[in-house]
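Here are the chains, one letter per residue:
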Amino acid sequence: MPQYFPLSFVIRNSRFDIRYSLPSLIMTKILLYGFLLYLAYNFIFKLVIPVSKATSQVKDKLREMQEQQAAQQQAFNQQAKAEPVKTTEKGGDYIEYEEVK
């Protein structure tokens, strides 16, 4: 006559029988979910958030550098329009240099 245990079941194998009780399965499930929650928490707060912060900081610095470059280019263009460059033509003979050994 088989024995019946409350809140348990048996997995039958060819070599041995394994008895599991329902409370131990629930505890295993809770531990597994707790471990998965811990991994998700670490993944989010140690990888995702720092990477997103670093990305936003890099974007801000890049935008700031582009604005500074545009301002410098504008200032250079205004200065170039205000002062025409004078070219001086130097006349004379072409001097050929020879290498001395």
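Every value quoted in this text rests on a predicted model; they were computed, and no experiment measured them. Residue positions are given per chain, counted from 1 along the sequence in the order it is written. This being a predicted model, a pLDDT of at least 70 is required before a residue's local features are given, and a value of 80 or more before pairs of side-chain atoms are given or counted; all residues contribute to the totals for chains, interfaces and linings. Only hydrogens and water are removed before side-chain values are computed, so all heavy atoms of the structure are retained for them.

Here's the deal with the overall build of the protein chain
- When you go through the protein chain residue by residue, the secondary structure sums to one helix and two strands.
- Per the convention used, a helix needs a DSSP run of H or I reaching at least four residues, while a strand needs a run of E reaching at least two, with both numbered from the N terminus. Put simply, the protein chain runs from its N terminus to its C terminus through helices and strands in the order β-β-α.
- Only protein chains enter the area calculation, which uses a 1.4 Å probe; residues under 20% of their type maximum are buried, those over 50% are exposed, and those in between are partly exposed. A total of 101 residues make up the protein chain; the buried ones form 1% of that total.

Description of the packing of aromatic side chains
- We call Phe, Tyr and Trp rings a pair once their centres come within 6.5 Å, taking the six-membered ring for Trp, and we label the pair stacked below 30 degrees between planes, edge-to-face above 60, and tilted otherwise. Here the structure, examined in full by the defined rule, presents one aromatic pair.
- Centre to centre, the rings of tyrosine 41 and phenylalanine 45 are 4.6 Å apart; their planes meet at 45°, and the pair counts as tilted. Here tyrosine 41 and its partner phenylalanine 45 are both found in helix 1 (residues 22-82), four residues apart, which amounts to about one turn of the helix.

Here we look at the pattern of salt bridges
- Salt bridge, as applied in this entry: a Lys or Arg side-chain nitrogen positioned within 4 Å of an Asp or Glu carboxyl oxygen. Taken as a whole, this structure holds one salt bridge when the rule is applied.
- Across the pair aspartate 60 and arginine 63 runs a salt bridge, and its minimum N-O distance is 3.1 Å. Of the two residues, aspartate 60 and arginine 63 both sit in helix 1, three residues apart, roughly one turn of that helix.
- Here aspartate 60 falls in the partly exposed class, since its relative accessible area comes to 43%.
- By relative accessible area, which is 45% here, arginine 63 ends up partly exposed.

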